[in-house]
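Survey of secondary and tertiary structure
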Amino acid sequence: MTSFLIVDAQSVKNTDSADEKGYDAGKKVSGIKRHIAVDTQGLPHAIAVTTAEVTDRNGALAAIDRCKPNLELVKSLLADGGYTGQPFADGVMERLDATVQIVRRNELHTFAVLPKRWIVERTIGWLGRCRRLAKDWENLNHSALAFLRLASIRLMLRKLCNPS
C-alpha cells in the first residue's frame, strides 16, 4: 500500500430512465459522478458514485468513508484545484490523519501534464474502456457502483497477471 493516494472525479451522462441523477453545471452533464482514489500504480483504493451535483470534495470524503478500513497507511492525498478548501483538508485529516496536497495549473486554458495527476486520469481512461462504464445505464447509483467495482477488480486482476 502506498503512503499517498491521488483523487479525482468523473461526471458521466446517464439514460433518461435513471432514477438517481443530478446536473454537474461545471461540465454541463446530467447524470452521475464517479469519485476515485488511486495509488501510484493507478490501482483504485477508494471509489464512490453520487449524483452529478455533489461536489468533488464531498464525493471524495464519501469514498474515503466507504473504504476507510483499507486506507490506514495513507499519509497524503494528492488532488487538483477542485479539492481546495480548509473544510476538505480538515475532513481528510479527521478521517485518515492525512494531509492534502493540491496540484495547481500554471496557466489557464493550456494543456500540460501535471505531475502525478495523470495517474488517476489514466485509471479513469482504463475504466472507461469497459463498455458498461462508457455511459451510466443503471437506474440506481448502488448498481452503478457495483459495476464500477467489478471493472476495478478486473483492472487489478489484469495488472496482477501481467505486471509489465
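Above this note sits the structure.
Let us look at the structure shown here. (Residues numbered from 1 in each chain as written. Predicted model: local features only at pLDDT ≥ 70, side-chain atom pairs only at ≥ 80, totals over all residues. Heavy atoms only, no water.)

1. Description of the pattern of salt bridges
Scanning the model with the defined rule gives three salt bridges in all. D56 is paired through a salt bridge with K33; the nearest N and O atoms lie 3.1 Å apart. Linking D56 in helix α1 (residues 56–67) with K33 in strand β3 (residues 29–38), this pair joins segments that are 23 residues apart in sequence. Each member of the pair, D56 as well as K33, carries the same accessibility label: buried. (Salt bridge = Lys/Arg side-chain N within 4 Å of Asp/Glu carboxyl O. Helix = DSSP H or I, 4+ residues; strand = E, 2+ residues; numbered from the N terminus. Buried < 20%, exposed > 50% of the residue type's maximum accessible area, 1.4 Å probe, protein only.)

2. Considering unusual backbone geometry
Although it is not a glycine, K28 sits at a positive phi angle of roughly 60°. Following the sequence through the fold, K28 ends up in the loop between β2 (22–24) and β3. With a relative accessible area of 62%, K28 lands in the exposed category. One non-glycine residue with positive phi stands out, namely D97, at about 55°. Locating D97 in the fold gives a position in the loop between α2 (86–96) and β6 (99–102).

3. Quick look at the environment of G81
Relative to the elements of secondary structure, G81 occurs in the loop between β5 (76–79) and α2. Owing to a relative accessible area of 40%, G81 belongs among the partly exposed residues under this scheme. Spatially, the C-alpha atoms of G81 and R104 are 5.9 Å apart, while their sequence positions differ by 23 residues. Setting aside anything within four residues of it in sequence, one finds G81 in contact with I102 and V103. (Contact = heavy atoms within 4.5 Å.)

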